[in-house]
Amino acid sequence: MSLASKTAVNDTAKQMLLDDYFLACLSREASLLGRKEVLTGKAKFGIFGDGKELAQIAMAKQFQNGDWRSGYYRDQTFMMAIGQLTVQQYFAALYAHTDTEKEPSSGGRQMGGHFSTRVLDANGDWKNVMEMKNSSSDISPTGGQMPRLLGLAQASKYYKANTDLHSRTQFSNKGNEVAFGTIGDSSTSEGLFWETMNASAVLGVPMCMCVWDNGWGISVPKKYQTAKESISESLSGMQSEPGAGGIKIFKAKGWDYAELMLKFEQAVKHSRTHHQPVLIHVEELTQPQGHSTSGSHERYKTKELLEWYEEFDCIVQFGKFLTDKKVVKQEELDELRAKAKAKARTEQRAAWDEFRAQIQADVNAAISLLEAAGQNEAASTLKNNSEAIRKDVFETIRKVLRTVRGQHSSEIQNIKNWLAAAQERMHKAYSSELYSERHDLDRSVPVQYNSDSELVDGRVVLRDFWDAKLAEMPEVLMFGEDVGKIGGVNQTCEGLQDKYGELRVSDTGIREATIVGQAIGLAMRGLRPVAEIQYLDYIYYALQIMRDDLASVRYRSAGGQMAPAIISTRGHRLEGIWHSGSPMGAIISSVRGMVVCVPRNMTQAAGMYNNLLKGNDPALVVECLNGYRKKEKMPSNLSEMVVPIGVAEVVKLGSDITVVSYGSTLHLCLNAADELANMGISVEVVDAQTLLPFDTTGVSASSVQKTNRLVVVDEDVEGGASAYLLDQIINKQGAFNYLDAQPITITSKPHLPAYSTDGDYFSKPSVDDIVEAIYGVMSEGNPARFPKI
Ligand SMILES: Cc1ncc(C[n+]2csc(CCOP(=O)(O)OP(=O)(O)O)c2C)c(N)n1
């Protein structure tokens, strides 16, 4: 219904208007109360959606079941309007309630204002997202929600065009879904925003980008943020022309209900029907309470502006619109506002009571146990603290247990038992769901060969593997720079676009962050994207989004969402500063929550991909740059073979010293082992295979138990991945107990690897370096038998 043109309204329309007014008031009252809760110390931090209510109600009106949102912390009204957030849940999030029944967005892991809907059931299986209104899980880095948005929108395009997927009605109705983005005007300064807008126009996807423009990014006004001080003007070059692609641009004033309704209706209808991106630039929004609970905006906004905020407050203007149109009298509106205020207060109290009750249960249990054990002082400290939280409980109990060390009684044992169980609960609350709780990545199907298996280039193994997977799995799509037409710079997708079409094997622009973003959004919608980053050295453009979004999605939604995307790249060594890097330490420190595979050859890589495609975790696979032309035997069960993930492998048996390595350096280690054998040293070589998770069955430590010596070799810098491996093997696996010699690492030089073969030799570990370092360890222990070189 187009309200804009109506002067008189019928009863249904009147009820809808009053419902909208009530919701705007309810959300506003929640914001006002939220700030008070923070300022009185009941919550840590608050960031609210006051001033943005009407625009979000207009957006919600166009949001259908199966649609997706990728937005930011101002969207509470929208979430309430689509029925995915109650005021009670809103406050549960503000207090950080760890129960996902009470706080479904993140189970208290994220600060309030970070919204998410639960699209996985308790077993981690997909729900029917077409029966729901869906919001991907928010993140705090401003603009970080943009790359994922592109993928969410692209999924509709893929579902529409790929008829093999039309039966998957749990995920899509033939691609009819729109992905809605929201972003503050200042955050459009981020490159990610521009990358997303450009790519959305190039791809032609149903994406509705809503910019909430209040003119400020905390204290920095628009003139320092946006060219022409208007994001819609800045983007006008991307404005669609008839017959050409581009973006359709709409503008609306944030306080004008009728205009908002009209523009949102037009824009979203267009995007849904034509699969074209639209921008809705919502201007003249206010921010009544300022940016957040950290500081007040009176410091940097003028009195005139704050007066304008009052006059053009969207609820005030909406009320005026309703009374001017004689829909309702002012008294009725006042009554609605009062009702909203009372409801917000009631729900806030309920949230607080529930939040306190579950903590108090632990406090009370601890007090009883402490009293029973005669620890009355500790018990009364807890008793006297009416705001005790779990930290207080744990601190008190742990301190008591330290004090009574060496004493034994059933009462003390009861405390210990309680603590162990509570620790398990806290682990579940705060540390579970980093990876899929199914822990099934150790699945394995050994590789098989025929008697006449051919020797082929490594890249051919991968090409034939992907050929088989694309044939078997319509949900698999591959994309990246040069992946489509030429089949990748290393020809691992050679001929696949011709065979499976541009939709499934495609070229992208040079835009690593949104390539990963595409993968995130597509995977969140039930597809199996394989996104290629052309070279490992360029992954830094995407590393932020891998860390902040992809790696954390399951964790930050407390198991409510997942994005099992595969990011495929190649690295370690070839030639030159920008094509030889192996910054594995930096990467694995950044992407906990992802699987990181470092296959030694393309057969292993294929087996790992096969495993990942069956799993529920996102992954990075780093193929060896220098491995594509090396000969490998073509497996006879290419499509079925599965390499277990998290399982290291002894690739050469030995008895004197253990060398743990991976990727390209593994081959150098094997060469070094041959030479060392001639020098009387028997080297056992272990291939780590995966860095996250690393060697879950303790193959490395078992080897050290036999050899009593350990060398870790990689081509990251000193203190990088080799330090991680050393820590894992020595401390976590306990190899410290078996060592007869100081363990060493062999790494690259601290600078970027220099160009040319000589540059490589003098920058990275060579066979000579490895032979001499290993020999050095042996010589240290037995100089008579192994005299110094
Ligand atoms: C990448 C990044 N840089 C800085 C911040 C800190 N920060 C949080 S909100 C904000 C301002 C955002 O302004 P805008 O996008 O206009 O949204 P608004 O809050 O005004 O709705 C800043 C700088 C952040 N969260 N992320």
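Look up a bit, the structure's there.
Summarised in this report is the structure supplied together with it. If you're wondering where the values come from, they're calculated on a predicted model, not measured in any experiment. (Residues numbered from 1 in each chain as written. Predicted model: local features only at pLDDT ≥ 70, side-chain atom pairs only at ≥ 80, totals over all residues. Heavy atoms only, no water.)

1. Notes on the sheet that holds strand E18 (residues 657-661)
And then number 1: Within the open sheet, the five strands sit side by side as E17-E19-E18-E21-E22. Their pairing is mixed. The outermost strands of the open sheet, each flanked by one partner alone, are strand E17 (649-652) and strand E22 (744-746). Each neighbouring strand pair of the sheet contributes to a mean axis angle of 30°, computed without reference to strand direction.
And then number 2: Across three bridges, the pairing between E17 and strand E19 (residues 683-687) is antiparallel. Pairing of Val650 across the sheet is with Val686, part of E19. (Pairing = 2+ DSSP bridges. Helix = DSSP H or I, 4+ residues; strand = E, 2+ residues; numbered from the N terminus. Axes fitted to C-alpha atoms, helices over the stretch in contact; angles between N-to-C directions.)

2. Quick notes on the packing of aromatic side chains
And then number 1: A complete count under the given rule lists 25 aromatic pairs for this structure.
And then number 2: Between Trp308 and Phe312, the ring centres sit 5.2 Å apart and the planes meet at 20°, which makes this aromatic pair stacked.
And then number 3: A relative accessible area of 24% means that Trp308 is categorised as partly exposed.
And then number 4: Aromatic side chains Phe465 and Trp466 sit 4.9 Å apart centroid to centroid with 70° between the ring planes, which places their arrangement in the edge-to-face category.
And then number 5: These aromatic residues form a ring-pair network of at least three members: Tyr90, Phe91, Tyr95, Trp352 and Phe355. (Phe/Tyr/Trp six-rings, centres within 6.5 Å; stacked < 30°, edge-to-face > 60°. Buried < 20%, exposed > 50% of the residue type's maximum accessible area, 1.4 Å probe, protein only.)

3. Things to note about the site of the ligand
And then number 1: Surveying the vicinity of the ligand reveals 17 residues, the closest of which are Tyr72, Tyr73, Arg74, Ser186 and Ser187.
And then number 2: One of the backbone N or O atoms of Thr142 is found 3.0 Å from a nitrogen atom in the ligand.
And then number 3: Contact between the ligand and Asn214: an oxygen atom at 3.3 Å from a side-chain N or O atom of the residue.
And then number 4: Contact with the protein chains hides 71% of the accessible area of the ligand, taken as 580 Å² for the molecule alone.
And then number 5: Partitioned by chemical class, the residues of the shell around the ligand number five nonpolar, nine polar and three charged. (Near = heavy atom within 4 Å. Polar contact = N/O pair within 3.5 Å; in protein donor to acceptor, adjacent residues only side chain to side chain. Areas by Shrake-Rupley, 256 points an atom, 1.4 Å probe, with all protein chains shown as cover. Nonpolar A, V, L, I, M, F, W, Y, C, P; charged D, E, K, R; others polar.)

4. Structural notes on the pairing of strand E10 (residues 476-480)
And then number 1: Within E10, five of the five residues are buried, which leaves the element mostly enclosed by the surrounding structure.
And then number 2: Where E10 and strand E12 (residues 528-533) come together, five bridges link them in parallel fashion. In the strand pairing of E12, Met478 is matched with Val530.

5. Side note on the environment of Lys706
And then number 1: Turning to its location among the elements, Lys706 is positioned in helix H23 (residues 699-707).
And then number 2: When the C-alpha atoms of Lys706 and Gly480 are compared, they prove to be 45 Å apart, with 226 residues separating the residues in sequence.
And then number 3: In this structure Lys706 touches Leu653, Gly654, Ser655 and Glu684, once residues within four positions along its chain are discounted.
And then number 4: Of note is the side chain of Lys706, whose polar atom sits 3.3 Å from the backbone oxygen of Gly654. (Contact = heavy atoms within 4.5 Å.)

6. Here's the deal with helix H12 (residues 376-383)
And then number 1: Residues of H12 that are buried include every one of Ala378, Ala379 and Leu382, and no others. The buried residues of H12 all sit within an arc of 100° when viewed along its axis, so they share a single face. Exposed and facing more than 90 degrees away from the buried side of H12 are Glu377, Thr381 and Lys383.
And then number 2: In this fold, the buried residues of H12 make contact with helix H11 (330-372) and helix H13 (390-403). (Arc of directions from axis to C-beta.)

7. Side note on a positive patch on the surface
And then number 1: There is a patch of like positive charges on the surface, built from Lys36, Lys341, Arg345 and Arg349.
And then number 2: Element by element, the count of residues in the positive patch is highest for H11, at three residues.
And then number 3: With respect to the helices and strands, the residue Lys36 is situated in helix H1 (residues 11-39). (Patch = residues over 30% accessible without salt bridge, like charges linked within 9 Å, V, L, I, M, F, W, Y side chains within 5 Å. Salt bridge = Lys/Arg side-chain N within 4 Å of Asp/Glu carboxyl O. Lys, Arg positive; Asp, Glu negative; His and termini not counted. Charge placed at Lys NZ, Arg CZ, Asp CG, Glu CD.)

8. Things to note about the state of the cysteines
And then number 1: Tallying each qualifying case throughout the model produces zero disulfides.
And then number 2: Free of any disulfide, Cys208 has its nearest cysteine sulfur in Cys210, 3.9 Å distant.
And then number 3: Among the residues examined, Cys208 registers a relative accessible area of 0% and is labelled buried.
And then number 4: The thiol of Cys314 is unpaired, and the distance to the nearest cysteine sulfur, on Cys25, comes to 9.4 Å.
And then number 5: Judged by its relative accessible area of 1%, Cys314 falls in the buried class. (Disulfide = S-S within 2.5 Å.)

9. Some words on the sheet that holds strand E20 (residues 690-692)
And then number 1: Across the sheet, which stays open at both edges, the seven strands sit in the order E11-E10-E12-E13-E15-E14-E20 with mixed pairing between neighbours. Because the sheet does not close on itself, it has two edges, and the strands there are strand E11 (505-507) and E20. Here the strands of the sheet are splayed against their neighbours by 20° on average, with no regard to which way each runs.
And then number 2: When E10 meets E11, the two strands line up parallel, connected through three bridges. Counterpart to Phe479 in the pairing with E11 is Ser506.
And then number 3: Taken strand by strand, helix H17 (residues 512-524) contacts E10, E12 and strand E13 (566-571), and its axis lies near 170° from that of E12.
And then number 4: Running at roughly 170° to strand E15 (residues 619-624), helix H21 (residues 602-614) makes contact with E10, E12, E13, strand E14 (595-597), E15 and E20 of the sheet.

10. A short note on the pattern of salt bridges
And then number 1: Counted under the stated rule, the structure contains 41 salt bridges.
And then number 2: Residue Lys253 pairs with Glu259 through a salt bridge whose shortest N-O separation is 3.2 Å.
And then number 3: Classification of Lys253 as partly exposed rests on a relative accessible area of 25%.
And then number 4: The shortest N-O distance in the salt bridge between Lys764 and Glu715 comes to 2.4 Å. Here Lys764, found in the loop between helix H25 (756-763) and helix H26 (767-781), pairs with Glu715, found in the loop between strand E21 (710-713) and helix H24 (721-732); they are 49 residues apart in sequence, far enough to count as distant.
And then number 5: A single salt-bridge network, built from bridges that share partners, covers Arg459, Arg463, Asp464 and Glu494.

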